[in-house]
Amino acid sequence: MAERRSGAAEGLARLSEWADSHLSLLRNLSAGVAVAGVLVLARSVRMTTKFTSALDIPVEFVTKNVKLRGKLHRVTEKGLEVEHIPISIPVITSIQRKWQSEGLLLVRLAGVEVAPSGLAWLQRELKPKQTIWFQLLGREDTALECLVLLNKGRFLSVCLNEEILREGLGRAARIEGLQHDSHLYWKLHKRLLGAELKALKKNKGIWKEESYSERIRDRISNNKFVQTMKQFVSWLRRSA
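Residue numbering note: each chain is counted from 1, following its sequence as written. Only residues with pLDDT of at least 70 are given local features in this predicted model, and only at 80 or more are side-chain atom pairs given and counted; all residues enter the totals for whole chains, interfaces and linings. Calculation of side-chain values draws on the structure's entire complement of heavy atoms; hydrogens and water are dropped beforehand.

J.: Tell me about the overall build of the chain, and name the residues and values.
T.: Each helix and strand in the chain was counted, giving 10 helices and eight strands. In what follows, residue pairs with any heavy atoms lying within 4.5 Å of each other are defined as contacts. Of all intrachain contacts in the chain linking residues separated by at least 6 positions in sequence, the fraction that spans at least 24 positions is 66%. The protein chains shown are the only cover counted for residues, whose accessible areas, like all others here, come from Shrake-Rupley with a 1.4 Å probe. Summed over all atoms, the accessible surface of the chain reaches about 16,100 Å², with 57% contributed by carbon and sulfur. Put simply, DSSP H or I for four residues or longer makes a helix, DSSP E for two residues or longer makes a strand, and each gets a number counted from the N terminus.

And the structure:
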């Protein structure tokens, strides 16, 4: 028994000597663990923060195209007014609720010029308090340019940006917020143009209201070069 006690005492002494000689290492490890804990906590706080303004959303969320969840309140001409639903972590969330403010995010369908008939369709199809997902693509002033996803059943989701174009209720437009020479921009723009083309081929929505000749005439009249030539000819006539 005495030999066991002496062996244990000797082992404890050696451990103490090692700790003394590596004290700086232990301190650095403790500091590293503490810093890691702070970073994890900061990330958790940021992920559980309820965003009530587009300006509150961190820049890296936008650049990394983070997908957020929200609850729809209303559909307006400016876009969708959405209440952000953050990730819920019991302890952190309960503390944050005491000081978080109220407010709605203005979410726009990126890459889509919504027609009046498209606005009416959105107001008819989307219900207040309905849960949607919106993937951040860009931010312009107080509005967010997003891909908006709507769950249809357990395993199916619909992209509203594409659905509007597929039904002929809008036109494909530039995707604001993304670099126009980036792979993601052209990947998404191709999807949107493909959806618009389907409506065009089937003469759906706004494409049904216009004849082929009218569409060609509109395209020509809206061409910047043609508009410039018209202005030049008008100037020549006035100066003659």
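J.: Tell me about the pattern of salt bridges, and please be specific about residues and values.
T.: The term salt bridge refers to a pairing of a side-chain nitrogen on Lys or Arg with a carboxyl oxygen on Asp or Glu at a separation within 4 Å. With the rule as written, the count across this model stands at nine salt bridges. For glutamate 83, the salt bridge goes to lysine 71, with nearest N and O atoms at 3.8 Å. Here glutamate 83, found in strand E2 (residues 80–85), pairs with lysine 71, found in strand E1 (residues 67–75); they are 12 residues apart in sequence, far enough to count as distant. Assessed through its relative accessible area of 16%, glutamate 83 is described here as buried. Note that arginine 166 is salt-bridged to glutamate 162, the shortest N-O span being 3.6 Å. Taken as a pair, arginine 166 and glutamate 162 lie in helix H6 (residues 160–166) at a separation of four residues, close to a single helical turn. In this scheme, a residue with accessible area under 20% of its type's maximum is buried, one over 50% is exposed, and one in between is partly exposed, where area comes from a 1.4 Å probe on protein chains only. Assessed through its relative accessible area of 26%, arginine 166 is described here as partly exposed.

J.: Go over the environment of threonine 63, please, and point to the residues and values.
T.: When you line up the elements, threonine 63 lands in helix H3 (residues 59–63). Taking the C-alpha atoms as reference points, threonine 63 and glycine 177, 114 residues apart in sequence, are found 9.1 Å from one another. In protein, a polar contact requires one atom able to donate a hydrogen and another able to accept it; more generally it is a pair of N or O atoms within 3.5 Å, and residues adjacent in sequence count only if both atoms are side-chain atoms. A distance of 3.2 Å separates a polar side-chain atom of threonine 63 from the backbone oxygen of glutamate 60.

J.: Explain helix H5 (residues 116–125) residue by residue, including any values.
T.: Looking at H5, one finds that the buried residues are Gly118, Leu119, Trp121 and Leu122. The buried residues of H5 occupy an angular sector of 160° when the element is viewed end-on, so they sit on one face. Considering only its buried residues, H5 is in contact with E1, strand E3 (105–109), strand E4 (112–114) and H6. In this description, one arc is meant: the one made by directions from the helix axis to the C-beta atoms.

J.: Summarise the layout of surface pockets; cite the residues concerned and give the values.
T.: Site definitions follow a grid-based scheme: protein atoms alone, a 1 Å grid, a 1.4 Å probe that fits but cannot get out for cavities, and for pockets an open set with protein on both sides within 12 Å along at least five of seven lines, plus lining residues having an atom within 4 Å of a point. Grid points are joined across faces, edges and corners, and a volume is the space filled by probe spheres set on the points. Quantified by volume, the largest pocket comes out at close to 350 Å³. Glu77, Arg108, Leu109, Val112 and Val114 are the residues nearest the centre of the largest pocket, which is lined by 21 residues in total. Secondary structure elements with two or more residues in the lining of the largest pocket: E3, E4 and H5. Of the residues in the lining of the largest pocket, the class split is 11 nonpolar, three polar and seven charged. Ten residue types, Ala, Val, Leu, Ile, Met, Phe, Trp, Tyr, Cys and Pro, are classed as nonpolar, four, Asp, Glu, Lys and Arg, as charged, and the remainder, Gly among them, as polar.

J.: I'd like a rundown of the pairing of E1, residues and numbers included.
T.: Here, any two strands with at least 2 DSSP bridges between them count as paired. Where E1 and strand E5 (residues 131–140) come together, five bridges link them in antiparallel fashion. When the sheet's bridge partners are listed, leucine 68 is paired in E5 with phenylalanine 134.

J.: So what about the side chain of glutamate 163? Which residues, and what values?
T.: Here glutamate 163 lies in helix H6. On the basis of relative accessibility, which here comes to 17%, the residue glutamate 163 falls in the buried class. There is a polar contact of 2.6 Å between the side chain of glutamate 163 and the side chain of arginine 166. Those residues in contact with glutamate 163 that lie beyond four places of it in its chain are Trp121 and Val158.

J.: Give a description of the packing of aromatic side chains that names residues and reports values.
T.: Classification of ring pairs rests on two measures: the distance between centres of Phe, Tyr or Trp rings, Trp counted by its six-membered ring, which must be within 6.5 Å, and the angle between planes, read as stacked under 30 degrees, edge-to-face over 60 and tilted in between. Throughout the structure, instances matching the rule amount to two aromatic pairs. With a centroid separation of 5.8 Å and 90° between ring planes, the pair formed by phenylalanine 51 and phenylalanine 61 is classed as edge-to-face. Here phenylalanine 51, found in the loop between helix H2 (23–47) and H3, pairs with phenylalanine 61, found in helix H3; they are 10 residues apart in sequence, far enough to count as distant. Considered together, phenylalanine 51 and phenylalanine 61 belong to a single accessibility category, that of buried residues.

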